[in-house]
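Residues per chain, in single letters:
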Amino acid sequence: MIDTYCWQAIDRIPGYMSRLECEWLAGIAATVNSWTELGAYCGRSMLCVGLHLPKKATLQVVDISLGTVSRAGQTLFTTFVELRQKRPDLNIVLARMDSVAAAELLKDSEVVFVDANHNYENVVNDITAWRSKCRILCGHDWNQKEWPTVVRAVRRCVPNVSNPTGSIWVAPTTRDLR
Ligand SMILES: C[S@@+](CC[C@H](N)C(=O)[O-])C[C@H]1O[C@@H](n2cnc3c(N)ncnc32)[C@H](O)[C@@H]1O
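Residues numbered from 1 in each chain as written. Predicted model: local features only at pLDDT ≥ 70, side-chain atom pairs only at ≥ 80, totals over all residues. Heavy atoms only, no water.

Asks: Any details on the pattern of salt bridges? Residues and values, ideally.
Replies: Counted by the stated rule, this structure contains 7 salt bridges. Among the salt bridges present, the one from R12 reaches E82, with a minimum N-O distance of 2.9 Å. With R12 in the loop between α1 (4-10) and α2 (19-29) and E82 in helix α4 (residues 76-86), this residue pair connects regions lying 70 residues apart in the sequence. Looking at R12, the relative accessible area reads 45%, which means it is partly exposed. Notably, a salt bridge pairs K133 with D108, separated by 3.0 Å at the nearest N-O pair. (Salt bridge = Lys/Arg side-chain N within 4 Å of Asp/Glu carboxyl O. Helix = DSSP H or I, 4+ residues; strand = E, 2+ residues; numbered from the N terminus. Buried < 20%, exposed > 50% of the residue type's maximum accessible area, 1.4 Å probe, protein only.)

Asks: Help me get a handle on the packing of aromatic side chains, residues and values and all.
Replies: Following the criterion strictly, the structure yields 3 aromatic pairs and no others. For the ring pair W35 and F113, a centre distance of 6.4 Å and an interplane angle of 40° mean the geometry is tilted. Residue W35 is located in strand β1 (residues 34-38), and its partner F113 is located in strand β4 (residues 109-114); the two are separated by 78 residues in the primary sequence. As far as burial versus exposure is concerned, W35 and F113 are alike and both buried. Taking 5.8 Å as the distance between ring centres and 35° as the angle between the ring planes, the aromatic pair formed by F77 and F80 counts as tilted. Of this pair, F77 and F80 are both found in helix α4, 3 residues apart, which corresponds to roughly one turn of the helix. (Phe/Tyr/Trp six-rings, centres within 6.5 Å; stacked < 30°, edge-to-face > 60°.)

Right, here's the structure in full:
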């Protein structure tokens with residue numbers, strides 16, 4: 001459960017993650033020691049996850065842009081600074097780079113959350129690059145009407161996909177990183 005203190009911080013960040021989806025992210029984050037997010041926009045889901053990871057966990061965040069200005073002038077970088085202040089214990093890696101290229105440079109991670117470019121080819125490439133580097137592969141915008149490209153790409157790449165809440169998709173991999 002996300003508490004009032006965390007909601008106050010999360011709800012100030014513009015983004016596409018619903019409150020239900022944030023609850024799911026927070027619940028999984030509390031159970032793992034490493035998380036990688038591909039595509040963070042202004043950092044709403046990054047902050048949600050970062051506030052709920054256990055002490056001294058690792059959070060890797062990849063986006064081609066750190067300064068997408070949105071409501072209230074919030075950018076991924078300002079949200080990163082806020083998270084850094086709230087969770088100085090975390091090992092946070094903020095990588096301004098392409099999500100596929102990042103797979104070559106960043107560490108394996110218990111969770112990889114795919115939410116970068118939503119084109120069919122990009123989603124396929126993200127999953128292909130990262131699936132062997134995580135235990136839980138998941139992502140956003142599992143929505144046939146709004147993001148048929150995401151649904152098609154995930155279905156092509158991931159056999160046992162499920163939809164736990166909202167437009168989250170999730171699939172266990174064969175890796176054991178615990
Ligand atoms: C849908 S938004 C992410 C939303 C975010 N997870 C949230 O909770 O608000 C997609 C993000 O992916 C980034 N992006 C697009 N293509 C990318 C790529 N090839 N590599 C890394 N990031 C990319 C965009 O800059 C944008 O910030």
